Amino acid sequence: MEYLIVAIAAAMLGVIVQTTFAPQMARRILPVLLVAFAVRIILHVLVMQADVIDYGGDDAAYMDLATKILARWEWEGFHYVTAEQLPGLYSVGAVCHLFAAIMYVCDGPAELACTAVVALISCALCVVIYKMATLVGADESAAFRLLVITAFMPSFVLHSSDTFKDGINAFLVVSCLGLGLSNLRRFDIRKVMLAGPLLWTLWQVRPYMVFMCAPPLLLSALSPKRILSLRSTAVLIGLLVTGLMVLVGTGDQLLTAPIQEELLHAQSTQVRMFSAGSGSSGVTFDDGGNAWGALAPKLLYTLLSPFPWTDGSLVLQLGKIETAIWYYLLWNAMIGARELWRRDRRLLLVLALFIVSGFIIYATTVANIGLIFRQRMPLMMITSLLAAVAWTRCRARKERPGFRSLPPFHEAVTDVDSHRDSDSVRSEGSPARFG
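Residues numbered from 1 in each chain as written. Predicted model: local features only at pLDDT ≥ 70, side-chain atom pairs only at ≥ 80, totals over all residues. Heavy atoms only, no water.

### Describing the overall build of the protein chain
1) Next: Of the regular secondary structure elements, the protein chain holds 21 helices and zero strands.
2) Next: Burial statistics for the protein chain: of 435 residues in total, 51% are counted as buried.
3) Next: When contacts within the protein chain are restricted to residue pairs at least 6 apart in sequence, those whose partners lie at least 24 apart make up 73%.
4) Next: By element, 64% of the accessible surface of the protein chain is carried by carbon and sulfur atoms, the whole surface being about 20,100 Å². (Helix = DSSP H or I, 4+ residues; strand = E, 2+ residues; numbered from the N terminus. Buried < 20%, exposed > 50% of the residue type's maximum accessible area, 1.4 Å probe, protein only. Contact = heavy atoms within 4.5 Å. Areas by Shrake-Rupley, 256 points an atom, 1.4 Å probe, with all protein chains shown as cover.)

In structure tokens, the structure reads:
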């Protein structure tokens, strides 16, 4: 039965690609994603299950919790098992219920089948990344390059080749922000309604990511490019942040209490010292016990580690390959951000609201390079969208010596017919519809 689920997952991947893209582009993308899917299955069988590398622990814990959920279903019937009923389910409920359902279908342990579903979700994430790249103004060539890089990023491959939750978490985060970017371009209440289940599921996977995704979604739902100026939007965000900081300390009965609880727990000295003491990649900072102290070096580690000279496990050493790719993406992202600043600052604002706040929060909470390397994946993926903008700009410059800048985002969407060079506009500035 497990092999049948693997085959069904591969077939579903083909359906997703064929129904999302035009035939010519689907023929180009499908082989890449099928290879990415196969690599994850092979890595699971030959490396992860064979214990070739000493890595993991969370994956086995999730399967154990899924087994306990399955046992409860046999005793009490199908229902959503809460953390109160089964301690340990907090922040992993959705993942463990998914694995329990797969185990129920397979009538027993089914790590290969569960991994196949995780691999399918991870490959679907690459499709979402492609669509988001076109939404921010990347052409097909740049979006395809980004899809390939995302599909084979080492940490993403590693954490989606077993029953880790990181691939599922990245899919939920990127999909939520994709809906936000799509709403910024063309508001649709159905996209807002779809964001609700995604955020609820994300709360059951990694709760604090909900608070990181909510502000960009709210800003895009307000559609500031039509009802607010850039200055008014900046003032509004400043007021919201100030108000949030005031409300957080005023009482546990407020709606901000969950935010306060999550942040204070993650920033607590006990949690940070435990993380720093886990494995061989812990980092301690001279911050006087204050999570916000020594913020500059913490940001440096969060953004750029592991460094070439860092000691650690084999996985951490292999992770330096990804870090080199990340440096390349980050450099291009800065070029892309400058380009987006020229032509659509509101779109850049939505992206920056997630990226900047995310890296700052991680800098105050994570004290282990292994955790940084693993948990910043969604931030890296969203940042890489800006790199796709830079690649499009570079390609346009090579094709047109007199090229200065990409057309403004709103003009590319609404005024395509007014441009003389229609073929160029369609390839560079007419984003594909998300969804």
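Next comes the rest of the write-up.
### A short note on the confidence of the model for the protein chain
Interpreting fine coordinate detail is not advised for predicted regions of low pLDDT.
1) Next: Taken over all residues, the pLDDT of the protein chain has a mean of 82, while the share at 70 or more is 78%.
2) Next: Taken together, the stretch residues 247–255 has pLDDT below 50 and engages in nine contacts with residues farther than four places along the chain or on a different chain.
3) Next: Counting interchain partners and residues more than four positions distant, the pLDDT-below-50 stretch residues 406–435 has 59 contacts. (pLDDT = per-residue confidence, 0-100.)

### Description of empty space enclosed by the protein
Left-over empty space is what a probe sized like a water molecule reveals as it rolls over the atoms.
1) Next: All told, the structure shown has two cavities of 30 Å³ or more when counted by the stated rule.
2) Next: Of the voids in this model, the largest cavity is the one considered here, and its volume is about 100 Å³.
3) Next: If you trace the largest cavity, you find it lined by Leu146, Ile149, Thr150, Met153, Ser155, Phe156, Glu322, Leu329, Met377, Met380, Met381 and Ser384.
4) Next: Those elements that provide at least two residues to the lining of the largest cavity are helix H6 (140–151), helix H7 (154–158), helix H16 (314–343) and helix H19 (377–399). (1 Å grid on protein atoms, 1.4 Å probe; cavity = no way out; pocket = protein on both sides within 12 Å on 5 of 7 lines; lining within 4 Å. Points joined across faces, edges and corners; volume = space filled by probe spheres on them.)

### Digging into a nonpolar patch on the surface
1) Next: On the surface, Met1, Leu4, Ile8, Met12, Phe78, Tyr104 and Val105 cluster together into a nonpolar patch covering about 710 Å² of accessible area.
2) Next: Take the nonpolar patch: its biggest share by element is three residues, from helix H1 (residues 2–20).
3) Next: Residue position: Ile8 is located in helix H1. (Patch = residues over 30% accessible without salt bridge, like charges linked within 9 Å, V, L, I, M, F, W, Y side chains within 5 Å. Salt bridge = Lys/Arg side-chain N within 4 Å of Asp/Glu carboxyl O.)

### A closer look at the side chain of Thr302
1) Next: Inspection of the secondary structure assignment puts Thr302 in helix H15 (residues 295–304).
2) Next: Take Thr302: its relative accessible area is 2%, and that puts it in the buried class.
3) Next: A distance of 2.7 Å separates the side chain of Thr302 from the backbone oxygen of Lys298, its partner in a polar contact.
4) Next: If sequence neighbours within four positions are ignored, Thr302 has contacts with Phe359, Tyr362, Ala363, Ile372 and Arg376. (Polar contact = N/O pair within 3.5 Å; in protein donor to acceptor, adjacent residues only side chain to side chain.)

### Here we look at the UniProt feature "transmembrane region" (unreviewed entry) in the protein chain
1) Next: Under the UniProt annotation, "transmembrane region" (unreviewed entry) lies at residues 6–22, 29–47, 88–105, 112–130, 167–185, 234–255, 314–335 and 347–371.
2) Next: Measuring from the first to the last C-alpha atom of residues 167–185 gives 27 Å, for a span that is 100% helix and 0% strand.
3) Next: For residues 314–335, helix accounts for 100% and strand for 0%, while the C-alpha atoms at its two ends are 33 Å apart. (UniProt positions renumbered as here; feature names shortened; annotations may be inferred.)

### Quick notes on the state of the cysteines
1) Next: Tallied over the entire structure, the rule returns zero disulfides.
2) Next: Here Cys114 is not disulfide-linked; the sulfur of Cys106 is the nearest cysteine sulfur, at 7.2 Å.
3) Next: Take Cys114: its relative accessible area is 0%, and that puts it in the buried class. (Disulfide = S-S within 2.5 Å.)

### Focus on the packing of aromatic side chains
1) Next: Summed over the entire model, instances satisfying the criterion amount to 11 aromatic pairs.
2) Next: Ring geometry for Trp73 and Phe78: centres 5.1 Å apart, planes at 50 degrees, overall tilted.
3) Next: Residue Trp73 is classed as buried on the basis of its relative accessible area, which comes to 11%.
4) Next: Residue Phe78 is classed as exposed on the basis of its relative accessible area of 56%. (Phe/Tyr/Trp six-rings, centres within 6.5 Å; stacked < 30°, edge-to-face > 60°.)

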